[in-house]
Amino acid sequence: MAYSDKVLDHYNNPRNVGALDKSNEDVGTGVVGAPECGDVMKLQIKVEGDRIVDAKFKTFGCGSAIASSSLATEWVKGKTLDEASTIRNTEIVQELSLPPVKIHCSVLAEDAIKAAIADYKKKTDTGTSSSEKVKQEAP
Amino acid sequence: MKLPVYLDYQATTPVDPRVLETMLPYFSDDFGNAASRNHSFGWSAESAVTKAREQIASLIGASPKEIIFTSGSTEAINLAIKGTAQMYGSKGKHIITSLAEHKAVLDTCKHIEKLGFEVTYLKPDKAGRVGVEKVAEAIREDTILVALIWANNEVGTLNPIREIGALCHERDTLFFTDATQAVGKVAVDVEKDNVDMLCLSAHKIYGPKGTGAFYVRRRKPRVRLVAQIDGGGHERGMRSGTLNVPGIVGLGRACEICEAELEEEMARAAELRDYLEEKIRAELDMVHLNGHEKHHLPGNLNLSFSYVEGESLLMGMDDVAVSSGSACTSASLEPSHVLRSMDVGDDLAHSSIRFGIGRFTTKEEVDYAADKLIAAVKRLRQMSPLYEMALEGIDPSSVDWQGGH
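Since this is a predicted model, take the numbers as computed values, not measurements.

Chemist: Describe the sheet that holds strand E2 (residues 39-48) of chain A, with residues and values.
Modeler: All names here are of chain A. In spatial order, the strands read E1-E2-E3; together these three strands make up an open sheet with antiparallel pairing. Both outer strands of the open sheet, strand E1 (27-34) and strand E3 (51-60), are each paired with one neighbouring strand and no more. Adjacent strand axes in the sheet meet at a mean angle of 15° when their direction is disregarded. The strands touched by helix H2 (residues 63-76) are E2 and E3; relative to E3, the strand with the most contacts, the crossing angle is about 170°.

Here's what the structure looks like:
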């Protein structure tokens with residue numbers, strides 16, 4: 001199978017590979033996929049206010065999966081959480097010229113963005129309540 | 001060194017220049033039909049075919065009369081299984097095969113199941129081998145055929161053919177082996193190895209594509225088959241159709257070369273294979289061998305690299321031709337059925353790479369491929385969330401993964 005130039009570019013020069021400290025309150029982490037399916041994506045976002053200021057990924061998967069997650073980190077950076085949630089897998093398919101058998105890679109990338117945002121939101125909710133709890137317990 | 005490097009000799013092989021040279025006159029000057037009995041063009045073609053039959057028979061220890069020309073192994077497999085089922089169906093309707101067979105065998109078995117036959121699919125052990133005891137347990141009164149691969153095309157594991165053949169003769173059932181990967185790579189002798197039917201393909205042994213041979217035993221026992229292609233009654237009535245004379249001449253010559261150089265080639269391939277494995281293991285951890293440590297084809301090496309997906313690994317080795325058991329590289333989008341049958345987890349099946357070393361492989365090429373592979377695995381592990389987990393002490397296989405695709 002021939003890969004598109006953009007897939008090859010992201011595979012050879014992936015953007016934003018790495019990890020953010022997932023215990024930090026301003027970091028949201030999304031892990032989607034499963035090893036037995038051949039794809040696992042971990043996408044992390046760092047949020048200030050409601051804007052994504054940094055994003056990192058690590059992916060176990062085919063070249064198209066790596067390219068999809070690399071592109072996703074590029075796209076979410078600088079966006080607000082609401083803007084990032086509107087990214088659709090079809091846009092990733094179009095940008096990377098993914099063939100039909102690789103559409104699931106783009107779906108996974110969209111899921112990873114959503115999961116990271118959800119994790120951040122959940123964390124900031126429970127984060128507030130747990131710090132309140134600490135305050136209550138403190139003498 | 002010429003790039004790309006070809007290390008996929010199980011898929012196919014280049015035609016040996018000596019084979020090509022032998023074939024060429026039969027396209028133009030000696031173009032006769034081997035079935036033309038009344039002129040010199042036909043006689044010349046027939047004599048070339050006769051010689052090829054002898055060369056093939058000699059390589060596998062058969063009599064030339066027991067060789068039937070086919071278009072390749074897939075056709076021979078269809079004839080062996082369907083032909084046996086139709087000829088001996090009144091005696092019994094049970095056939096034994098394994099889960100690690102080539103799709104040509106599995107799909108043909110699926111077909112005859114629909115016609116009312118019962119097929120037992122034996123599960124190989126973790127190294128991909130079907131033990132003789134397993135076959136012994138499965139044979140019944142109504143078993144008419146045991147069909148097992150000699151050397152597995154993915155993992156290179158060799159089945160104990162001689163013992164299984166002896167068992168089949170003792171229990172009065174026919175034994176067919178798909179020896180497509182074995183012939184020309186390891187010693188094959190249909191008499192000593194107790195084989196009743198065997199198929200081989202020219203393009204796996206440095207001959208042309210589209211040509212194969214099918215061995216059918218003539219005595220003790222005499223195997224009879226119902227032909228699957230009817231026509232002029234060529235090839236003892238078992239396979240009609242004008243013979244592919246240039247292809248057959250090439251196959252004959254290819255067999256002759258294999259016979260003359262077998263031991264030397266085996267030693268050379270085994271040395272390069274072991275060298276490749278050692279070189280990879282010296283640089284990488286968490287490398288798993290798929291296949292048997294001892295009973296394997298000399299030039300086959302199938303490894304899984306934990307936490308790295310096979311297709312992305314192939315992309316990182318862009319000027320090395322190898323294959324992967326990853327679903328992403330298969331038409332069916334399923335990981336290799338052979339690795340699954342050996343209980344290799346789907347995660348490791350996705351991470352498998354098959355290297356095939358052949359006649360024209362050089363040490364320089366092996367070094368090049370190994371270096372490319374090692375660099376790609378290291379790079380991809382750096383971006384693998386699973387490798388990260390493993391380094392943190394979390395076993396990714398213990399995680400409850402949800403929402404997989």
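Next comes the rest of the account.
Chemist: Which residues make up the interface of chain A and chain B, and what values go with them?
Modeler: Facing 32 residues of chain A, the contacting portion of chain B comprises 27 residues. Of the roughly 2500 Å² buried between chain A and chain B on both sides combined, carbon and sulfur atoms contribute 64%. Its largest share of buried area at the contact with chain B, chain A owes to Tyr11, Lys58 and Phe60 of chain A, together 26% of the area lost on that side. Of the charged contacts in the structure, one is a salt bridge between Lys22 of chain A and Glu392 of chain B, with a shortest N-O distance of 3.8 Å. On the surface where chain A and chain B come into contact, there are 13 residue pairs in polar contact (both at pLDDT 80 or more).

Chemist: Provide a residue-level description of the packing of aromatic side chains, including the pertinent values.
Modeler: All names here are of chain B. Summed over the entire model, instances satisfying the criterion amount to six aromatic pairs over all chains. Plain terms: the ring middles of Tyr206 and Phe360 are 5.6 Å apart, the flat faces sit at 90° to each other, and that makes the pair edge-to-face. Taken together, the residues span a long stretch of sequence, with Tyr206 in the loop between strand E7 (197-201) and strand E8 (212-216) and Phe360 in the loop between strand E13 (352-356) and helix H11 (363-382) at a distance of 154 residues. With a centroid separation of 6.3 Å and an interplanar angle of 50°, the aromatic rings of Tyr307 and Tyr387 are classed as tilted. Pair noted here: Tyr307 is in the loop between strand E10 (300-305) and helix H8 (310-316) and Tyr387 is in helix H12 (residues 385-391), with a separation of 80 residues, a long-range link. In textbook terms, an aromatic cluster arises when at least three aromatic residues are bridged by ring pairs, as seen for Tyr6, Tyr9, Tyr206 and Phe360. In this arrangement the basic side chain of Lys93 is found over the ring face of Phe117, its NZ or CZ atom lying 4.7 Å from the centre.

Chemist: Describe the layout of surface pockets, and please don't skip the residues or the numbers.
Modeler: Residues and elements named next belong to chain B. Of the volumes computed, that of the largest pocket is approximately 690 Å³. Along the wall of the largest pocket there are 35 residues; nearest its centre are His102, Lys103, Asn153, Glu154 and His337. Elements with a minimum of two residues in the lining of the largest pocket: helix H3 (73-88), helix H4 (103-114), strand E12 (323-324), helix H9 (337-341) and E13. Two domains each donate at least three residues to the lining of the largest pocket, and these are domain 1 (5-9 + 262-381) and domain 2 (17-258).

Basis of the calculations
Residues numbered from 1 in each chain as written. Chains lettered and ligands numbered in written order. Predicted model: local features only at pLDDT ≥ 70, side-chain atom pairs only at ≥ 80, totals over all residues. Heavy atoms only, no water. Pairing = 2+ DSSP bridges. Helix = DSSP H or I, 4+ residues; strand = E, 2+ residues; numbered from the N terminus. Axes fitted to C-alpha atoms, helices over the stretch in contact; angles between N-to-C directions. Contact = heavy atoms within 4.5 Å. Buried area = accessible area lost by both parts, 1.4 Å probe. Salt bridge = Lys/Arg side-chain N within 4 Å of Asp/Glu carboxyl O. Polar contact = N/O pair within 3.5 Å; in protein donor to acceptor, adjacent residues only side chain to side chain. Phe/Tyr/Trp six-rings, centres within 6.5 Å; stacked < 30°, edge-to-face > 60°. Lys NZ or Arg CZ within 6 Å of the ring centre and 35° of its normal. 1 Å grid on protein atoms, 1.4 Å probe; cavity = no way out; pocket = protein on both sides within 12 Å on 5 of 7 lines; lining within 4 Å. Points joined across faces, edges and corners; volume = space filled by probe spheres on them. Domains from an automatic or database assignment.

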